[in-house]
2 protein chains.
Amino acid sequence: MRSALVVGTGLIGTSIALALTRRGVTVYLEDRDTTAVRTAQALGAGSMEPPPGRLDLAVLAVPPVHIGAVLAQCQQKGMAHVYTDAASVKAQPHQEIRAAGGDPATYVGGHPLAGAERSGPLAARADLFEGRPWVLTPSPQTERSALNLGLELVSLCGGVPVLMETAAHDQAVALTSHAPHLVASMMAARLEGARSEYIRVSGQGLRDVTRIAGGDPALWSDILTANAEAVADILDEYAVDLDRMITVLRAQRSGEEQVRKQAYADLEEMLSRGHRGHARVPDKRSSLPTEFVAVPVAVPDQPGALARLFASVSGVGVNIEDVRIEHSLDQPRGLVELLVDAASVTTVRRLLDEQGWAWQEEAPLV
Amino acid sequence: MRSALVVGTGLIGTSIALALTRRGVTVYLEDRDTTAVRTAQALGAGSMEPPPGRLDLAVLAVPPVHIGAVLAQCQQKGMAHVYTDAASVKAQPHQEIRAAGGDPATYVGGHPLAGAERSGPLAARADLFEGRPWVLTPSPQTERSALNLGLELVSLCGGVPVLMETAAHDQAVALTSHAPHLVASMMAARLEGARSEYIRVSGQGLRDVTRIAGGDPALWSDILTANAEAVADILDEYAVDLDRMITVLRAQRSGEEQVRKQAYADLEEMLSRGHRGHARVPDKRSSLPTEFVAVPVAVPDQPGALARLFASVSGVGVNIEDVRIEHSLDQPRGLVELLVDAASVTTVRRLLDEQGWAWQEEAPLV
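Given the structure is predicted, the values throughout are model-derived calculations rather than measurements.

Undergrad: I'd like to hear about the overall build of chain A, residue by residue, with values.
TA: Across its full length, chain A holds 13 helices and 10 strands. In chain A, once contacts between residues fewer than 6 apart in sequence are set aside, the share between residues at least 24 apart is 70%. Total accessible area on chain A is roughly 14,800 Å²; 52% of this is exposed by carbon and sulfur atoms.

Undergrad: How would you sum up the pattern of salt bridges? Please name residues and give values.
TA: A full pass over the atoms with the stated rule returns 28 salt bridges over all chains. Notably, a salt bridge pairs Arg125 of chain A with Asp127 of chain A, separated by 2.6 Å at the nearest N-O pair. Given the relative accessible area of 29%, Arg125 of chain A is considered partly exposed. Three or more residues joined by partner-sharing salt bridges are found here, namely Glu229, Asp233 and Asp236 of chain A together with Arg250 and Arg253 of chain B.

Undergrad: How would you sum up the interface of chain B and chain A? Please name residues and give values.
TA: Put simply, an interface is often sized by how much accessible area is lost when its parts join up. Opposite the 126 residues of chain B that make contact, chain A presents 127 residues. Buried area between chain B and chain A, both sides added, is near 12,200 Å², and the carbon and sulfur share of it is 61%. The largest contributions to the chain B side of the interface with chain A come from Arg118, Leu122 and Arg190 of chain B, which together make up 7% of the buried area. A salt bridge links Arg190 of chain B to Asp241 of chain A; the nearest nitrogen and oxygen atoms lie 3.0 Å apart. One can count 34 residue pairs in polar contact (both at pLDDT 80 or more) joining chain B with chain A. Top contributing element to the side of chain B that touches chain A by residue count: helix 10 (residues 228-250) of chain B, with 17 residues. When grouped by side-chain class, the residues that make up the side of chain B that touches chain A number 65 nonpolar, 26 polar and 35 charged.

Undergrad: Describe the sheet that holds strand 7 (residues 160-163) of chain B, and please don't skip the residues or the numbers.
TA: All names here are of chain B. Strand order across the open sheet formed by 7 strands is 2-1-3-4-5-6-7, with mixed pairing between neighbours. In this open sheet, the two edge strands, each paired with only one partner strand, are strand 2 (26-30) and strand 7. Each neighbouring strand pair of the sheet contributes to a mean axis angle of 25 degrees, computed without reference to strand direction. Bridging between strand 1 (residues 3-7) and strand 3 (residues 55-60) involves 4 bridges; their strand directions are parallel.

Undergrad: Can you lay out the relation of the copies chain B and chain A for me, pointing to particular residues and giving the numbers?
TA: Overlay of chain B on chain A (RMSD 0.2 Å): rotation 180 degrees, translation along the axis 0.1 Å. The relationship between the two copies is best expressed as a two-fold rotation axis. Of the C-alpha atoms belonging to chain B, the one lying closest to the rotation axis is found on Val209 of chain B, 2.0 Å away. Mapped onto chain A, 99% of the interface residues of chain B again fall at the interface, so both copies present the same surface.

Undergrad: I'd like a rundown of the packing of aromatic side chains, residues and numbers included.
TA: Residue and element names in this part refer to chain A. Per the stated rule, a full pass over the model turns up 2 aromatic pairs over all chains. Geometrically, the ring pair formed by Phe129 and Trp134 is tilted, given 5.0 Å between the ring centres and 50 degrees between the ring planes. Exposure remark for Phe129: the relative accessible area of 1% places this residue in the buried category. On the basis of relative accessible area, Trp134 is assigned to the buried category, the value being 1%.

Undergrad: Quick one: what's the story with the pairing of strand 4 (residues 80-85) of chain A, residue by residue and with numbers?
TA: Residue and element names in this part refer to chain A. Across the 6 residues that make up strand 4, a large majority, 5, are buried. Looking at chain direction, strand 3 (residues 55-60) and strand 4 are connected through 5 bridges and run parallel. From the neighbouring strand, Leu57 faces strand 4, where its bridge partner is Val82. Crossover connection from strand 3 via helix 3 (residues 64-77) to parallel strand 4: handedness right-handed. Direction of pairing for strand 4 relative to strand 5 (residues 107-112): parallel, over a ladder of 2 bridges. Pairing of Thr84 across the sheet is with Val108, part of strand 5. Regarding the hand of the β-α-β motif, the stretch spanning strand 4, helix 4 (residues 91-99) and strand 5 is right-handed.

Undergrad: Outline the side chain of Arg132 of chain A, listing residues and values.
TA: As for its placement among the helices and strands, Arg132 of chain A is situated in the loop between strand 5 and strand 6 (133-137). Of the polar contacts made by the side chain of Arg132 of chain A, one reaches the backbone oxygen of Leu113 of chain A; its length is 2.7 Å. In this structure the side chain of Arg132 of chain A is engaged in a polar contact, spanning 3.2 Å, whose partner is the backbone oxygen of Ser202 of chain B.

Criteria and cut-off values
- Residues numbered from 1 in each chain as written.
- Chains lettered and ligands numbered in written order.
- Predicted model: local features only at pLDDT ≥ 70, side-chain atom pairs only at ≥ 80, totals over all residues.
- Heavy atoms only, no water.
- Helix = DSSP H or I, 4+ residues; strand = E, 2+ residues; numbered from the N terminus.
- Contact = heavy atoms within 4.5 Å.
- Areas by Shrake-Rupley, 256 points an atom, 1.4 Å probe, with all protein chains shown as cover.
- Salt bridge = Lys/Arg side-chain N within 4 Å of Asp/Glu carboxyl O.
- Buried < 20%, exposed > 50% of the residue type's maximum accessible area, 1.4 Å probe, protein only.
- Buried area = accessible area lost by both parts, 1.4 Å probe.
- Polar contact = N/O pair within 3.5 Å; in protein donor to acceptor, adjacent residues only side chain to side chain.
- Nonpolar A, V, L, I, M, F, W, Y, C, P; charged D, E, K, R; others polar.
- Pairing = 2+ DSSP bridges.
- Axes fitted to C-alpha atoms, helices over the stretch in contact; angles between N-to-C directions.
- Least-squares fit on C-alpha atoms with pLDDT ≥ 70 in both.
- Phe/Tyr/Trp six-rings, centres within 6.5 Å; stacked < 30°, edge-to-face > 60°.
- Right-handed = clockwise from strand over helix to strand, strands pointing away.

Following this line, the structure appears as structure tokens:
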């Protein structure tokens, strides 16, 4: 790939442009918002000049609802040999491309699973997609050359390509992103009228669980509408569980201890299901296989302490995948987290005990 | 306060003990779990030795369900002059104290709004409560001397005391912590049986929204059961909103465009309510008044660039409350966030324009 056009210079489009420019691709930028495209150019993401001729690839980083129309336009103008997008919904754009008279042969759908705390070009980073999954949804009409250029785009951006059917992709994001987004919004909405005294006594948990509710309502209305059926199916499942939770909590009013005990057991089982489901969520180190276990160990802040720790657990065929060190300046110790493959955990913990290291179970987040 | 007993050496108890020890208070530690208490002592949180006599304060950092019984025991043994706890539910413990024959006069309920990624003594930090709200719930029977010792505890730990009625506290945490916890668990539970291919294409959003679902199911069953009615009331409200969301999404199937348009508008309004509610959630810098606005500015990575930025916006009576710098090594620029009081935002942005700085609106999280 020598040249590319990026249509839409928000967070995703500008980040793709920065990544491609860094890898030596000549990038042209387009956006209805002239401030955004000027900012992207100022950041070194590419050029606002009109492209000299047909480019190798055009990336449409515009909202899902516009993909069909924008693609048809670009194809009619013959902007590029191959086209892809970055929309978080795939089935509807695929349909709209046909409806808008676009050519599915030179188009491969794409969805990089990456985001940032902030949107807009200023938040863009060339390494935004480093190690992140990037879904490609080739249709039966997609030419192999188009798919291969899509794969080249992903690797130039440092992403991990994942090939999926459009329907499977949309069910996946409904489960892991779209339905949770609506539910986070539902919880946040109940804060709008709440007494500020109540909101004041909140913690990190509320921030985390409502964070995505800060997303742009217009943008998310587009996304959710484009994936409405799959999202509604998940919400139906939530509604069943929510009713059960209410029933179980109300049962604590019962005069019969047996009823209260049963309700408590049901509640704990629901929370345990949530605990097991949470354990499947990929770690921030997205590359880390789930079969690794974290073992937190306290390490005195003394020269060579870490070396002694590794000496304690090494040389016995134990596979230590990764190490994280947490250290708080005000305290005379560090907390080191050893990531050990599940098979070796017992061995490692025994070794730690023998050598007198204070370790603990990977405790649940409370 | 010269001496204190901490019963329960988990994350909260050990952190309180570390904070008090650092401020010169003689701390004694107790826990049924001998490993935990030994770890806490090893971290310098206090002594496992039995207290020599009656201490100034006893802090019960045990699960809500045990507060009543443990307090009655401690009072019968005359362990301390004043007693408080750290449970996240307040009304039920207050009742159980009477039921267990405890003395409400020397007890003031407490709930520090602080947590950490991990539980257990190894995750404890002396500064865990720094700048965080710490609710105290004195009852009509609570002696002033007991309340004052509670206030002294909070200030020794660096917390911000908030006096509340027990019922108001429990409604507040139901809204901001307990109900969201159940809902996060509900979402996470649907991941247990999901295709791993689906979970693989998830991002930070799913991690954030399900994080609290990783909490200990047994501990949370206790908490939720102790606050069952208030939590169920919130879930009832959620259930209404959830049904509306499903209706609105299904309406996109309608053949009538007018119906689809109305449904889209309703969806956007729901998301907007969530957006407004989310805006009320306290910032991580919990001390930061909400009337401050963040203005992200791109700063070239050149010597003196920051100095030039501040020169550009200073000296005109503009109040810059705080500055955050995000910098990614692989890129020739940093992103600086100026926190400006709302009154000055327009001035600051005009100044930035005049001096040629690239800034953007505080964009929503997407």
